[in-house]
Amino acid sequence: MPETAARQPLEVEGTVRELLPGALYRVELMSEGHASVTAHMAGSSLLRLRPGDGVVVEIAPYDAGRGRIVRRR
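This structure is a prediction, so every number in the text was calculated from the model and none was measured.

Looking at the sheet that holds strand β3 (residues 36-41)
The five strands lie next to each other as β1-β2-β3-β5-β4, forming a closed barrel whose pairing is mixed. Direction aside, the axes of adjacent strands within the sheet are offset by 55° on average. In the sheet, strand β4 (residues 54-59) pairs with strand β5 (residues 66-72) via five bridges, with the strands oriented antiparallel. Counterpart to Val56 in the pairing with β5 is Arg71.

What follows is the structure in structure tokens.
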């Protein structure tokens, strides 16, 4: 069954603002003004992120408050 455009995740650029417990990050989204999401790393990456790092986040359409970091910008 092919995925429709409404079900595909949205890729948005953002900036890491805070490191949270449990390998989570608070990311401020650039295209949404001052909106932020809680995000985790995609896959088993050993990438270390610090506040201020630019990232690309995938946001699922069913939960706009959570996402996953797919790469560093």
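What follows picks up the thread again.
Digging into the nonpolar core
Grouped together as the largest cluster of nonpolar side chains are 13 residues, with contacts concentrated most on Tyr25, Val27, Leu49, Val55, Val57 and Ile69. Elements with a minimum of two residues in this core: β1 (10-20), β2 (24-29), β3 and β4. For Ile69, the residues in contact, after removing those within four places along its chain, are Tyr25, Val27, Ala39, His40, Met41, Ala42, Leu49, Val55, Val56 and Val57.

Reading guide: rules and limits
- Residues numbered from 1 in each chain as written.
- Predicted model: local features only at pLDDT ≥ 70, side-chain atom pairs only at ≥ 80, totals over all residues.
- Heavy atoms only, no water.
- Pairing = 2+ DSSP bridges.
- Helix = DSSP H or I, 4+ residues; strand = E, 2+ residues; numbered from the N terminus.
- Axes fitted to C-alpha atoms, helices over the stretch in contact; angles between N-to-C directions.
- Core = buried A, V, L, I, M, F, W, Y, C linked by side-chain atoms within 4.5 Å.
- Buried < 20%, exposed > 50% of the residue type's maximum accessible area, 1.4 Å probe, protein only.
- Contact = heavy atoms within 4.5 Å.

By themselves, these observations are geometric and do not establish any function.
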